[in-house]
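Structural overview
Chain by chain, the residues run as shown.
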Amino acid sequence: MEQTFVILKPSTIQRSLVGDVLTRFQRKGLFITGIKMMQLDEQILRIHYAHLVDRPFFPMLVNSMTVTPVIVMVLKGKDAVAVVRSMVGATNCRNAAPGTIRGDFGMSGQENIVHASDSPENAVIEINRFFKPEEIFDYPIPTLAATYAPDEIDQ
Ligand code: UDP
Ligand code: MG
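Residues numbered from 1 in each chain as written. Chains lettered and ligands numbered in written order. Predicted model: local features only at pLDDT ≥ 70, side-chain atom pairs only at ≥ 80, totals over all residues. Heavy atoms only, no water.

This next bit is on the packing of aromatic side chains. This model, assessed by the stated rule, comprises two aromatic pairs. Ring geometry for Phe5 and Phe130: centres 4.6 Å apart, planes at 15°, overall stacked. Here Phe5 is found in strand β1 (residues 3–8), whereas its partner Phe130 is found in helix α7 (residues 120–130), with 125 residues between them in sequence. Each member of the pair, Phe5 together with Phe130, is buried. It is Lys36 that lies over the ring of Phe131; its NZ or CZ is 4.8 Å from the centre. (Phe/Tyr/Trp six-rings, centres within 6.5 Å; stacked < 30°, edge-to-face > 60°. Helix = DSSP H or I, 4+ residues; strand = E, 2+ residues; numbered from the N terminus. Buried < 20%, exposed > 50% of the residue type's maximum accessible area, 1.4 Å probe, protein only. Lys NZ or Arg CZ within 6 Å of the ring centre and 35° of its normal.)

The next point concerns the sheet that holds strand β3 (residues 70–76). Strands belonging to one sheet form pairs held by backbone hydrogen bonds; the direction of such a pair is parallel or antiparallel. Taken in spatial order, the four strands of this open sheet run β2-β3-β1-β4, and their pairing is antiparallel. The strands lining the two open edges of the sheet, one partner per strand, are β2 (31–38) and β4 (114–116). Strand-to-strand, the axes of this sheet are offset by a mean angle of 20°, without reference to chain direction. Bridge analysis of β1 against β4 gives three bridges, and the strand direction is antiparallel. Paired with Val6 across the two strands is Ala116, which belongs to β4. With respect to the sheet, helix α5 (residues 80–88) is in contact with β1, β3 and β4, its orientation differing from that of β1 by roughly 30°. (Pairing = 2+ DSSP bridges. Axes fitted to C-alpha atoms, helices over the stretch in contact; angles between N-to-C directions. Contact = heavy atoms within 4.5 Å.)

Pasting the structure below:
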């Protein structure tokens, strides 16, 4: 089953929204296979946001992402990358549809609550960037049979 990578950004920690955001993912039926708090720095952000390093707002983004620790996690589910991206919504919270996480919890383009991988290929790269193999857990999920039809589970 597919895994995707999510960061609960510093604004989410500071605004005490960790539980609300996590609850959304869990209620959807995604399973947590890895989760930890960590302090990001400019070095890892220059890699993680390599597509943005030349943009004028990049120093502001680095400051925003390092002002407190973040919570990084790996979520598992069928088509998890696309499902989580659609739950997260548009980059700018002011444009994000109501019902999405950014649409419901944010007002900013920068302080937009979460990062989520944008493709299965990037999800694998990002999971390996932030987690050691032994920090990802493969454990029995008794509710799996109530979450999916048998032919949707490709173990
Ligand atoms: N960002 C920003 N201003 C912009 C574009 C992006 O501050 O004009 C920040 C924002 O926090 C965003 C992150 O940079 O989540 C990564 O940008 P990306 O285009 O990858 O958006 P995402 O995949 O997070 O929706
Ligand atoms: Mg992105």
